[in-house]
Amino acid sequence: MYKSVVRPLLFWLSPSMSRKVFLIGLKVVNYTPILRRFVKYSYSIPSLKRSFFGIDFISPVGIASGVDWKADFTDPLSDIGAAFVTVGPLTVRGGRSSGKVREVINNMREAPFNAGKLTFVDLNVEPTSSDEAKVEELDRMYTLIYDFADAAIINFQNIPASM
């Protein structure tokens, strides 16, 4: 069904529309217990398990930042076989293609968030900020996500070299 229907549909649509359709499908699966169990069972393949640096992954595939900006889909993305999900990119203010740190923290606080699954967070600082403000902003974001993320990915493009 994927190769004959879903894939051609997603490739026919624009990238942003494909993303929206994919995430709506994930949401439907996530809120339908029987579908969720079926998907989880279908994508649990023991031969894909890997171990790197003492960390066990359910598969060699992870989800990069930009797919789940606001930590709304970490559980269903893990259910389809993602070893880890990278939330973000996050900024203090949020934006059209980034999540706002406080909004994401609220999503992560909801009942057992992604229990037992790896969650990375992609942190970005505002390019228009002064160097001192960038460092403070990064420190504030890291402090906020510390209890909820397994790792932080920092975008050094906008961070001063002196840091």
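Residues numbered from 1 in each chain as written. Predicted model: local features only at pLDDT ≥ 70, side-chain atom pairs only at ≥ 80, totals over all residues. Heavy atoms only, no water.

Draft legend 1. The overall build of the chain, seen in detail. Counting secondary structure elements, the chain contains six helices and seven strands. Written out in order from the N terminus, the α and β elements of the chain read α-α-α-β-β-β-α-β-β-α-β-α-β. Here the chain holds 163 residues, and 35% of them are scored as buried. If you sum the accessible surface of the chain, you get close to 10500 Å²; carbon and sulfur atoms cover 60% of it. (Helix = DSSP H or I, 4+ residues; strand = E, 2+ residues; numbered from the N terminus. Buried < 20%, exposed > 50% of the residue type's maximum accessible area, 1.4 Å probe, protein only. Areas by Shrake-Rupley, 256 points an atom, 1.4 Å probe, with all protein chains shown as cover.)

Draft legend 2. Layout of unusual backbone geometry. Between G88 and the following residue, P89, the backbone shows a cis peptide bond with an omega angle of 10°. Within the element layout of this structure, P89 appears in strand β4 (residues 84–91). In this model, F53 sits at a positive phi of 50°, which is unusual for a non-glycine residue. Its location among the elements puts F53 in the loop between β1 (50–52) and β2 (55–57). Classification of F53 as exposed rests on a relative accessible area of 87%.

Draft legend 3. Quick look at the layout of surface pockets. A volume near 1000 Å³ is recorded for the largest pocket. Y2, V6, F22, Y43 and I80 are the residues nearest the centre of the largest pocket, which is lined by 26 residues in total. Elements with a minimum of two residues in the lining of the largest pocket: α1 (2–12), α2 (15–30) and α3 (33–43). The element best represented in the lining of the largest pocket is α2, accounting for eight residues. Looking at the lining of the largest pocket residue by residue, the classes come out as 20 nonpolar, five polar and one charged. (1 Å grid on protein atoms, 1.4 Å probe; cavity = no way out; pocket = protein on both sides within 12 Å on 5 of 7 lines; lining within 4 Å. Points joined across faces, edges and corners; volume = space filled by probe spheres on them. Nonpolar A, V, L, I, M, F, W, Y, C, P; charged D, E, K, R; others polar.)

Draft legend 4. Highlighting the pattern of salt bridges. Following the criterion strictly, the structure yields two salt bridges and no others. Here D79 ties to R36 by a salt bridge, and the two come within 2.4 Å at their closest N and O atoms. Here R36 lies in helix α3 and D79 lies in helix α4 (residues 74–79), a separation of 43 residues in the sequence. With relative accessibility at 5%, the residue D79 sits in the buried group. K40 is the partner of D79 in a salt bridge, and the nearest nitrogen-oxygen pair spans 3.9 Å. (Salt bridge = Lys/Arg side-chain N within 4 Å of Asp/Glu carboxyl O.)

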